[in-house]
Amino acid sequence: DPMRFFLVPLGGRGCAVGEYLALTDPSYRDLFFSREFRDCFDKAEPLTKQEGDGIDSRIKHYLHEASCTLRLRVAEAYLTFAPSEMDSSAPLQRTIPFLSSVFVGAREVDPACKTVKREEPSSPSGATTPEKQQEYVHLQLDSWVPKKEGDGSSDKISTKHRYYSVVVSGLPGKDESAAGVRGAVPVLLCKTTLRHPKRLKNAQTTGFVMKLNASSKDTFRVSIDGLEVSGVKFVSLSPQWSTHVRSFPVAVLTDVQ
């Protein structure tokens, strides 16, 4: 490979790609997802010299011994925005590649999101306004579900509901490999949380899709690998980035292809 990326998850938390590498490569997991390594970043006091030397030793071992390459598929998010009154020159379409996950719509706080959580203003009486636990967004979802034959054909399913969240993952998981859907047919794992007006509990569904479109009359938020984008009217998610770049090569210590 002309280029490889070395991924060091500082603390081992909030890095979905690092967590996936730890699941597939035992040596990588022992280096960066051990309790000893994570505790170094969780402590409030400064690192001791021994702890600093231990981190330095783990990173050097990774750089020198990671002779294998794991190719992660690069997925694609295509977004259409509402026209901006503040900036008429802002683009109305944008294509963003992603590796890990995409959150569509309102949702609970995403630990990987880089935006700052908004606080509700205080009421005139001086008492703080109770924070909204969750919001929902009206979405129409059009998904293309792979058929069992595995020949690349799909069935289109369209739904329109009030969703708390739609989470799409580009990284393969245990459920995906067990279902036998990966192979020649690239797919995304989609998890939806539906607001049910007549039940106390929300309805959740999980399934594999070859493509997913989400649209709404109102604007909504989309978080792509932790980067939040607002003012979105339409988003289309595909398991393969529509460029010549087909994968993201990451250095690993064990041959896990």
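What you see as residue numbers is a count from 1 along each chain, following the sequence as written. Note on the predicted model: pLDDT of at least 70 is required for a residue's local features to be given, and 80 or more for side-chain atom pairs to be given and counted; whole-chain, interface and lining totals, by contrast, use all residues. Remark: hydrogens and water are excluded; side-chain values derive from all non-hydrogen atoms of the structure.

Asker: Explain the overall build of the protein chain here, please?
Answerer: In terms of helices and strands, the protein chain carries five helices and 11 strands. Under the scheme applied here, a residue whose accessible area is under 20% of the maximum for its type counts as buried, over 50% as exposed, and between as partly exposed, the area being computed with a 1.4 Å probe on protein chains only. Burial status across the protein chain gives 36% buried among its 257 residues. Only heavy atoms matter for contacts: two residues are in contact if any of them lie within 4.5 Å across the pair. Taking the contacts inside the protein chain whose residues are at least 6 apart along the sequence as the reference set, 65% of them involve residues at least 24 apart. If you sum the accessible surface of the protein chain, you get close to 15800 Å²; carbon and sulfur atoms cover 52% of it. Comment: elements are numbered from the N terminus, with helices defined as DSSP H or I runs of at least four residues and strands as E runs of at least two. Here the open area of atoms and residues is found with the Shrake-Rupley method and a 1.4 Å probe, where only the protein chains shown may cover a residue.

Asker: So what exactly am I meant to see when it comes to the pattern of salt bridges here?
Answerer: Once the charged atoms of two side chains with opposite charge are near each other, the side chains can pair. Salt bridges are identified by distance alone: a Lys or Arg side-chain nitrogen within 4 Å of an Asp or Glu carboxyl oxygen. One pass over the full model with this rule turns up five salt bridges. One salt bridge connects Glu 36 with Arg 58, and the closest N-O pair in it is separated by 3.2 Å. Placement of the pair is Glu 36 in helix α3 (residues 35-42) and Arg 58 in helix α4 (residues 49-65), with a sequence separation of 22 residues. On the accessibility criterion, Glu 36 (56% relative accessible area) is exposed. A residue is classified by how much of its surface remains accessible, and Arg 58, at 16% relative accessible area, is buried. The partner of Arg 221 in a salt bridge is Glu 228, and the shortest N-O contact between them spans 3.7 Å. According to the relative accessible area criterion, Glu 228 is partly exposed, its value standing at 25%.

Asker: What exactly am I supposed to notice about the environment of Thr 95 here?
Answerer: Following the sequence through the fold, Thr 95 ends up in strand β3 (residues 93-98). Excluding its chain neighbours within four sequence positions, the residues that come into contact with Thr 95 are Glu 76, Ala 77, Tyr 78 and Trp 241.

Asker: What should I look at first to understand the environment of Ser 223 in this one?
Answerer: In this structure, Ser 223 sits in strand β9 (residues 211-224). Each C-alpha atom, one on Ser 223 and one on Phe 103, is 4.9 Å from the other, the two residues being 120 residues apart in sequence.

Asker: Can you walk me through the nonpolar core in this structure?
Answerer: A general tendency of soluble globular proteins is for nonpolar side chains to be buried together. Counting 27 residues, the largest nonpolar core has Leu 79, Val 166 and Leu 237 as its most contacted members. Counting residues per element, the ones that place at least two in this core are β2 (75-81), β3, β4 (101-104), β5 (137-146), β6 (154-169), β7 (188-194), β9 and β10 (227-238). No other element matches the five residues that β9 contributes to this core. Residues within four places of Val 166 in sequence aside, it is in contact with Val 102, Phe 103, Val 104, Leu 139, Leu 141, Cys 190, Lys 191, Thr 192 and Leu 212. Here the nonpolar core consists of buried residues drawn from Ala, Val, Leu, Ile, Met, Phe, Trp, Tyr and Cys, with membership extended through side-chain atoms lying within 4.5 Å.

Asker: Explain the packing of aromatic side chains to me, please; I cannot follow it from the model alone.
Answerer: Here the distance between the centres and the angle between the planes together describe a pair of aromatic rings. Only Phe, Tyr and Trp rings take part, Trp by its six-membered ring, and two of them pair if their centres are within 6.5 Å. Stacked means planes under 30 degrees apart, edge-to-face means over 60, and tilted covers everything else. Under the definition given, this model contains eight aromatic pairs. Residues Tyr 28 and Phe 33 carry aromatic rings whose centres are separated by 6.3 Å and whose planes lie at 40 degrees to one another, so their mutual orientation is tilted. Judged by relative accessible area, Tyr 28 falls into the buried class, the value being 0%. Among the aromatic residues, those joined into a cluster by ring pairs are Phe 6, Tyr 28, Phe 32, Phe 33, Phe 37, Phe 41 and Tyr 62. Positioned above the aromatic ring of Trp 144 is the side chain of Lys 211, whose terminal nitrogen or guanidinium carbon lies 5.4 Å from the ring centre. Cation placement over rings: the criterion is NZ of Lys or CZ of Arg within 6 Å of the ring centroid and within 35° of the ring normal.

Asker: I keep staring at the environment of Leu 227 and nothing clicks. Help me out?
Answerer: Inspection of the secondary structure assignment puts Leu 227 in strand β10. The spacing of Leu 227 and Val 102 is 125 residues in sequence and 9.2 Å in space, taken between C-alpha atoms.

Asker: Quick question: what am I supposed to make of the packing of α3 against α4 here?
Answerer: When two helices pack together, their arrangement is given by the angle between the helix axes and the distance between those axes. Convention adopted: a line fitted to C-alpha atoms gives each axis, helices being fitted over their contacting stretch, and angles between N-to-C directions are expressed from 0 to 180 degrees. Running from N to C, α3 and α4 point in directions that differ by 125 degrees, and their axes come no closer than 11 Å. In terms of orientation, α3 lies oblique with respect to α4. The two elements α3 and α4 meet at a crossing, and its hand is left-handed. Contact residues: Glu 36, Phe 37, Cys 40 and Phe 41 in α3; Glu 51, Ile 55 and Arg 58 in α4. Tallied by class, residues from the contact of α3 with α4 come to four nonpolar, no polar and three charged. Geometric relationships in this document are graded by angle, where less than 35 degrees denotes roughly parallel, more than 145 denotes roughly antiparallel, 65 to 115 denotes roughly perpendicular, and other angles denote oblique. Each helix crossing is assigned a hand: it is left-handed if the near helix lies turned anticlockwise from the far helix by less than a right angle, otherwise right-handed if that turn is clockwise. Ten residue types, Ala, Val, Leu, Ile, Met, Phe, Trp, Tyr, Cys and Pro, are classed as nonpolar, four, Asp, Glu, Lys and Arg, as charged, and the remainder, Gly among them, as polar.

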